[in-house]
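Residues per chain are reported as follows:
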2 protein chains.
Amino acid sequence: MTEVYEKIEALLRSLGVKKTELKIYRLLLNRSKAMRITEIQRELGISERSVREHVLSLYKKGILKRTLVQHGWLGYVYTAVSPGEVLESLKKNIIKKISEIERELKGSTNQNGQS
Amino acid sequence: MTEVYEKIEALLRSLGVKKTELKIYRLLLNRSKAMRITEIQRELGISERSVREHVLSLYKKGILKRTLVQHGWLGYVYTAVSPGEVLESLKKNIIKKISEIERELKGSTNQNGQS
C-alpha cells in the first residue's frame, strides 16, 4: 500500500470509519469488481450480519457504490468508489455539515443578542 | 444545552473528540474564564494526568487557547475557543488536510499513468 493510501486510511479513521470498514473498502478497491455480501464475507471471514452493517455504513458515507442485480437471486453488488471521489465527497459533506451548524449558530446568537 | 450546541458536540465527537474532552470544553465554555489544570481537575474529579492529556489534545485541535501566566507559579491557563471559531478552524483544517492528500494522489496517479 502506498503512502498516500495510508494517509487516506488515516483520514477516514479520524472521520469515524471503522477498521473492518476499511478492510472491506481495501478489498473492493483491490479487486476493482463488484462483489456480493456473501463474497465479501467469505474473503474476510466475518459474519454476514457484520458485513451487512459495515457495507451499509460505507454506502451511506459515499465510500461504496451499489447496484441492484438479478441472476437467480435479486440483490445488491458493491464496488469501491475511487479514493479521489471519496476525498471529494468527504470534503463536500463536511463543509456542508459545518456550514449548516454555523448558520444555526448565527441564528441562535442573534436571537439571544450578543453572547 | 441548546440544540445547536448538541450538534456541535456530535460533530466534534464524529471528528474524534473524546467525551471527557467535551466535558472540559463545556466547563470552560460555561465559565467563560481562564482555568488552570488543577482547577479543571477539581471541578470534574478526574486525574491531573488525564486532564493534562485531554487539554493538550483540545489545544492541538484548536478548541482551547492557552496563556502562560505567572503568579507565584508559572504555568498555562486555558480558555474555550468560541463555538463559531472552532467550526471555522475545523473546516479550514479538514479542507487543508483533504486537499493535501488530493494533491499527492494526483501526483502518484500521474507517475503510474492512468489508474
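Below you will find a few notes about this structure. The structure displayed is predicted, hence computed values, not measured ones.

**Digging into the overall build of chain A**
Secondary structure summary: chain A contains 5 helices and 2 strands in total. Expected size for 115 residues packed as a compact globule is a radius of gyration near 13 Å; at 18 Å, chain A overshoots this value by more than 25%. Counting all 115 residues of chain A, 36% fall into the buried class. Of the contacts formed within chain A by residues at least 6 apart in sequence, a portion of 48% connects residues at least 24 apart. When the accessible surface of chain A is summed, it comes to about 7,000 Å², and 49% of that surface belongs to carbon and sulfur atoms. Positive and negative side-chain charges in chain A, numbering 22 and 13 respectively, have mean positions lying 3 Å apart.

**Brief notes about a nonpolar patch on the surface**
Together, Leu 68, Leu 74 and Tyr 76 of chain A make up a nonpolar patch on the protein surface, roughly 300 Å² of accessible area in all. Of the residues examined, Leu 74 of chain A reaches a relative accessible area of 56% and is grouped as exposed.

**Quick word on the environment of Ser 47 of chain B**
All names here are of chain B. One can find Ser 47 in the loop between α3 (37–44) and α4 (48–60). The class of Ser 47 is partly exposed, set by a relative accessible area of 41%. When the C-alpha atoms of Ser 47 and Ile 37 are compared, they prove to be 10.0 Å apart, with 10 residues separating the residues in sequence.

**Comments concerning the side chain of Ser 99 of chain B**
Residue position: Ser 99 of chain B is located in helix α5 (residues 83–111). Engagement of the side chain of Ser 99 of chain B in a polar contact is seen with the backbone oxygen of Ile 95 of chain B, the distance being 2.7 Å.

**A look at the interface of chain B and chain A**
Taken residue by residue, the interface counts 24 residues in chain B and 24 residues in chain A. Contact between chain B and chain A buries roughly 2,200 Å² in total, counting both sides, with carbon and sulfur atoms accounting for 71%. It is Ile 98, Ile 101 and Leu 105 of chain B in chain B that bury the most area against chain A; as a group they hold 25% of the surface buried on that side. Remark: the boundary between chain B and chain A carries 4 salt bridges. With a shortest N-O distance of 3.0 Å, Glu 102 of chain B and Lys 91 of chain A are connected by a salt bridge. Along the contact surface separating chain B from chain A lie 6 residue pairs in polar contact (both at pLDDT 80 or more). Those elements giving two or more residues to the side of chain B that touches chain A turn out to be α1 (3–14) and α5 of chain B. Ranked by residues supplied to the side of chain B that touches chain A, first place goes to α5 of chain B with 16 residues. Looking at the side of chain B that touches chain A residue by residue, the classes come out as 13 nonpolar, 5 polar and 6 charged.

Here is what the cut-offs are and how they apply
Residues numbered from 1 in each chain as written. Chains lettered and ligands numbered in written order. Predicted model: local features only at pLDDT ≥ 70, side-chain atom pairs only at ≥ 80, totals over all residues. Heavy atoms only, no water. Helix = DSSP H or I, 4+ residues; strand = E, 2+ residues; numbered from the N terminus. Rg over C-alpha atoms; globule rule 2.2 N^0.38 Å. Buried < 20%, exposed > 50% of the residue type's maximum accessible area, 1.4 Å probe, protein only. Contact = heavy atoms within 4.5 Å. Areas by Shrake-Rupley, 256 points an atom, 1.4 Å probe, with all protein chains shown as cover. Lys, Arg positive; Asp, Glu negative; His and termini not counted. Charge placed at Lys NZ, Arg CZ, Asp CG, Glu CD. Patch = residues over 30% accessible without salt bridge, like charges linked within 9 Å, V, L, I, M, F, W, Y side chains within 5 Å. Salt bridge = Lys/Arg side-chain N within 4 Å of Asp/Glu carboxyl O. Polar contact = N/O pair within 3.5 Å; in protein donor to acceptor, adjacent residues only side chain to side chain. Buried area = accessible area lost by both parts, 1.4 Å probe. Nonpolar A, V, L, I, M, F, W, Y, C, P; charged D, E, K, R; others polar.

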